[in-house]
Structure formats: structure tokens, C-alpha cells
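Below are the chains, spelled out letter by letter.
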Amino acid sequence: MTQDLGGRSIAQLSALLQTGALDPRDLTAWTFERIRSHDDQAIFTMTLPERAMREADASARRIAAGRPLGLLDGIPVAWKDLFAIAGVPTTAGSAVLKDAPAAQDDAAVVTALGHAGMVSVGRVNMSEFAFSGLGINPHYGTPRNPRSLDVDRLPGGSSSGSGAVVAADLVPVSIGTDTGGSIRIPAAFNGVVGYKATRGRYSMRGVFPLARSLDSLGPLCRTVQDAVWVDAAMRGLPAPEIRRGHLDGLSIVVPTTAVFDGAEDGVVSAFEAAIGRLQRAGAHVRRQPFPAFERIFETMARHGPLVTAEAYALHRDRLEGPQAAMMDQRVVARARLGQNISLSDYIATLEIREALIAEVASSVGPNEIIAFPTVAHVAPATDQLLTDDALFVETNAKTLRNTLIGNFLDWCGVSLPCGTGKAGMPVGLLLSAQPHHDAHLLSMALSAEAVVRAD
């Protein structure tokens, strides 16, 4: 193959594939050559060359016969290392599951994208058991942030490989999970688009959980249009239904509570510049406090985080047995905090959560979009965070702070690159909407993207 396919969106690749200008088998072979020659071998935990070439061959035959399965036929996709792939163990970024029984079936969303003709090329790295916003993994290595030009910087977590693999131009899309920011944080750190769907929008069958009351799925990709196409396929639709909205008259709410606390100057500057461009494009922007945000953090401090309670319940036997010695000790320490969360604390948190979701919903219009920086800082340097546990805990908490608000309130969200901050690293602007307003959010993000990303 002579043409360079790096940096192409799903839509751009699809146009080449559907017109016969590019053969799916050549695209797949090019993808694996890129993966093999890439200087960061910590991005993938497993590649699936035999499966991928079978799927690419089937795609090529369909397209040649004039019967493609849709816009995504022949497009490569990578999966976070907690989606079941038939015939191999689901390791969830952990050494303790390396010898687990092989999955009998693909996860439901893997099957859904397979029915759309997508080519599964492998599984990518993650924080062990998805329990960190930074992306460090002592078992499979920590992927480097491809956007860093000075020192090694973290890719964000827990979908670390999913952010890095798209930013490194190895695949155009990777599917991740998001419990406290695990799609949107890597998207922001790596300068790509990350869409966290409302919890329950897609089937979770075959997805290794972290906290079922918070877990959600979504793609990391190059453009919002790519996310819209993948969203439709993950829901089993034959074609996307979401259309571009109109910024003229869109109301955007910028919170003044918590989300800018301690934010880096470069992050604030990039965010405010993007908000100014949206205003000039016709959007109405207003700012208001959200006392509910403070109540979220007060609730976590008093009753314990939901994610910690549910992670401890899920991993209790591992944490209390010999497998704990084989795990990332930072994950062990954080998960063990869940044993201090009582049933009454857990129930109290669920009740407060329900009340705060209703309170926030009543304080914004039904079609208003909430906007704030995805993360208050750019991707941090790796070295010191590998050795300094206290700094790790502090940085992890600050990294997750803004995004976990959306998980607690059951929002959907899209992180868009909006400029650069310190060391020229990407900054993300997070657009969020009320639960199950995904179609409106994506429609508005389709229109906002070009404005937000403008220099």
C-alpha cells in the first residue's frame, strides 16, 4: 500500500472503502503494520490478526458484490481490555485474570459492531480493573501520551489505551468504558473526541464491570460524526439518525461551582476562548452556581464513594485473598476503602443521588447544554507519579473531579479538543446533557465541534 492513511476519520476511510479506492484487507494489513512498528508497545494488550483478516476479507467480498453492511463496513476498531472477545480471556488490565477461562461469546457491543462490518483488531490497555483516572498499569506497561513533545506524560484512564491508540493514528476508533471519567479524561489528555453515553444506552453484557450504578460505554475517535456513526451501530441501527443541530439559539450553562477550582491557567484560557467562539456563532451562554456539585463531594466524604463501595463488593474475595499481592497495590488500597462503607451509607448515597439528579434537572432547561473543562489540568508527567503514592492519590482525585459529576448525575457527555495548555498539551471542553438526552447532545456537538476546535 502506498497511500498514508494516518489521521483519517471513520468517515474519510469509509468513503475510500465504499468507493473501492481502498480494500478492507489492505487497510487491515496497514493497521497491523502500524501497530507492529509503533514505538509504544504498551498500547495494546492483545492483537487479533487472524480474526481481523477474516473479518476484513468478508468485508471486501461484501463491498465488491455491492452489498456492504453499512457505513462502517471494513473500519478497524480496538476494544478496551474488558470487553469479552470469544476465545480469549477477559483480563481487565489485570495479571490475576491472565489465565482465566476464555470467553465463550463476544460482548454484546462487540457483536453489534461486527454486524455493522467493523474489523476488531485487538484489545488495548487500561488501568487495572478500570480503577484510576490516570492510566498507569504495572502489569502491561503504561502507554505514553502520543501528544507529548517534552517528557513522557500519562494518557489518562482508565481507558488509557483507547485514548492513545486513536491519538497515535493506529486505529480510528476504540470503545471504552466510563465510570468516573474513563472515556472523557483520555479524550481530553490525548486531544481526541470521547463520548460517554447515558448509562444503559448500550448493552453491558460481556463487559467486565467496576460499579454497575455508574458504568457506561462509548467511543473515543477523531470526530463527533464518527461517534454518531458508531453510536448507531452499537444500538443495532442500520444507519445513524442524529442530525446536525443549530448553534443559533442554543443555551449553554457554564457552572461556577467546583469545576474551575485549581484549574491551570492554560486550561481556563483555552476553555474560555472556545466558549467565546460558541457565543459568536450564535449560542447563548449563561453562568450559574450548582450547589448540588458541592453536595456530591460532601456525600462522598461522609458516606464514601459509590464506585469504591461497589468495587469492593465486586473484588472482595480477591482483596482478602492471595490474589491481592498480584494486583496494583494502589488499586488494592483504594478498593479496600470500600470495606468501611456500610450498607446504610450506601443506601443514603443512592437516595441523595436521586434527589440531586432531580434538583439539577430542575435548575436547567430541558435542552440546555452544560459546559466546563473536561479536566482542570493537562496530562501530567509520568515519572514522579509512578513512584510517589501521595502525589498519585492527589492527582488522581483532581483528574476525576470534573467528570465524576456527570457520572453521579447520570449525564451523557462529549469531550471535544478545544486548544492547548501547558507544554502544548491538549485541553478538553466537556459538553454534557441530562440523562437520555444523548441525541440532542450529539446533535449539538456535531455543530459545536468545528467552532470549539478552531484555532
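Every chain is numbered independently, its residues counted from 1 as its sequence is written. pLDDT decides what is reported in this predicted model: residues at 70 or higher carry local features, side-chain atom pairs at 80 or more are listed and counted, and totals for whole chains, interfaces and linings draw on all residues regardless. Hydrogens and water molecules were not included; the side-chain quantities draw on all heavy atoms of the structure.

### A closer look at the overall build of the chain
Applied cut-off: Each helix corresponds to a stretch of at least 4 residues labelled H or I by DSSP, and each strand to a stretch of at least 2 residues labelled E; elements are numbered beginning at the N terminus. Note that the radius of gyration is over C-alpha atoms, with the globule rule given as 2.2 Å times the number of residues to the power 0.38. Using a 1.4 Å probe on the protein chains alone, a residue whose accessible area is under 20% of its type maximum counts as buried, one over 50% counts as exposed, and one in between counts as partly exposed. Contacts: residue pairs with any heavy atoms within 4.5 Å of one another. Computed with a 1.4 Å probe, the accessible areas rest on the Shrake-Rupley method; for each residue, only the protein chains presented here act as cover. Only four residue types enter the tally: Lys and Arg on the positive side, Asp and Glu on the negative side, with His and both chain ends excluded. Throughout, a charge is located at the NZ atom of Lys, the CZ atom of Arg, the CG atom of Asp or the CD atom of Glu.
Along the chain, the regular secondary structure elements total 15 helices and eleven strands. Whereas a compact globule of 455 residues would reach a radius of gyration of roughly 23 Å, the chain reaches 21 Å, a difference of no more than 12%. With respect to the principal axes defined by its C-alpha atoms, the chain has extents near 60 × 60 × 40 Å. Counting across all 455 residues of the chain, residues that qualify as buried make up 61%. Excluding contacts between residues fewer than 6 apart, the proportion of contacts in the chain whose partners are at least 24 apart in sequence is 78%. Taken as a whole, the chain presents about 16,900 Å² of accessible surface, with 52% of it coming from carbon and sulfur. On the chain, the mean spot of the 41 positive side-chain charges and the mean spot of the 47 negative ones are 3 Å from each other.

### Considerations on the pairing of strand 5 (residues 193-196)
Basically, it comes down to this: Following DSSP output, two strands are said to pair if at least two bridges run between them.
Burial along strand 5 is two-sided: the residues Val-193 and Tyr-195 and Gly-194 and Lys-196 are all buried. As defined by bridge partners, strand 5 adjoins strand 6 (residues 216-221) across two bridges and the pair is classed as antiparallel. Note on strand 6: the bridge partner recorded for Val-193 is Cys-221. With three bridges joining them, strand 5 and strand 10 (residues 412-420) adopt antiparallel strand pairing. What sits directly across from Lys-196, in strand 10, is Gly-413.

### A look at the environment of Glu-55
Looking at where Glu-55 falls in the secondary structure, it is placed in helix 3 (residues 49-64). Among residues more than four places away in sequence, those in contact with Glu-55 are Met-118, Val-119 and Ser-120.

### Examining the packing of helix 9 (residues 291-303) against helix 12 (residues 343-363)
Basically, it comes down to this: Helix axes are fitted only over the stretch in contact, all axes being lines through C-alpha atoms; the angle between N-to-C directions runs from 0 to 180 degrees. Oblique is the label for any angle not covered by the other classes, which are roughly parallel (under 35 degrees), roughly antiparallel (over 145) and roughly perpendicular (65 to 115). Three residue categories are used. Nonpolar comprises Ala, Val, Leu, Ile, Met, Phe, Trp, Tyr, Cys and Pro, charged comprises Asp, Glu, Lys and Arg, and polar comprises the others, including Gly.
One way to put it is that helix 9 packs onto helix 12 with a least axis distance of 10 Å and a crossing angle of 180°. The orientation of helix 9 relative to helix 12 falls into the category roughly antiparallel. Here Ala-292, Arg-295, Ile-296, Thr-299, Arg-302 and His-303 of helix 9 come into contact with helix 12, specifically with Asp-345, Ala-348, Thr-349, Ile-352, Leu-356, Glu-359 and Val-360. Within the contact of helix 9 with helix 12, the residues separate by chemical class into six nonpolar, three polar and four charged.

### Considering the packing of helix 9 against helix 14 (residues 389-408)
The geometry of a pair of packed helices is captured by two quantities: the angle between their axes and the separation between those axes. Where helix 9 meets helix 14, the axes come as close as 11 Å, and the angle between the chain directions of the two elements is 90°. As judged from the angle between their axes, helix 9 and helix 14 are roughly perpendicular. On helix 14, the residues that touch Phe-293, Ile-296, Phe-297 and Met-300 of helix 9 are Arg-401, Leu-404, Ile-405 and Phe-408. Here the contact of helix 9 with helix 14 is built from residues that sort into seven nonpolar, no polar and one charged.

### Some remarks on the sheet that holds strand 6
Strand order across the open sheet formed by eleven strands is 1-3-2-4-6-5-10-11-9-7-8, with mixed pairing between neighbours. Bordering the open sheet on either side are strand 1 (44-47) and strand 8 (284-288), each of which pairs with just one other strand. Across the sheet, the mean angle separating the axes of adjacent strands is 25° when strand polarity is ignored.

### Some points on the pattern of salt bridges
Which entries qualify depends on this criterion: Salt bridges are defined by distance alone: a side-chain nitrogen of Lys or Arg within 4 Å of a carboxyl oxygen of Asp or Glu.
The full count for this structure, using the stated rule, is 22 salt bridges. Salt bridges linked by common partners bring Asp-23, Arg-25, Asp-57 and Arg-61 together as one network.

### Notes on the state of the cysteines
As a reminder, the rule being used: In what follows, a disulfide is any cysteine sulfur pair within 2.5 Å.
Overall, the coordinates contain zero disulfides when judged by the stated rule. Not engaged in a disulfide, the cysteine Cys-221 finds its nearest cysteine sulfur in Cys-412; these two sulfurs lie 15 Å apart. Look at Cys-221 and you get buried, because its relative accessible area is 0%. Residue Cys-412 is classed as buried on the basis of its relative accessible area of 1%.

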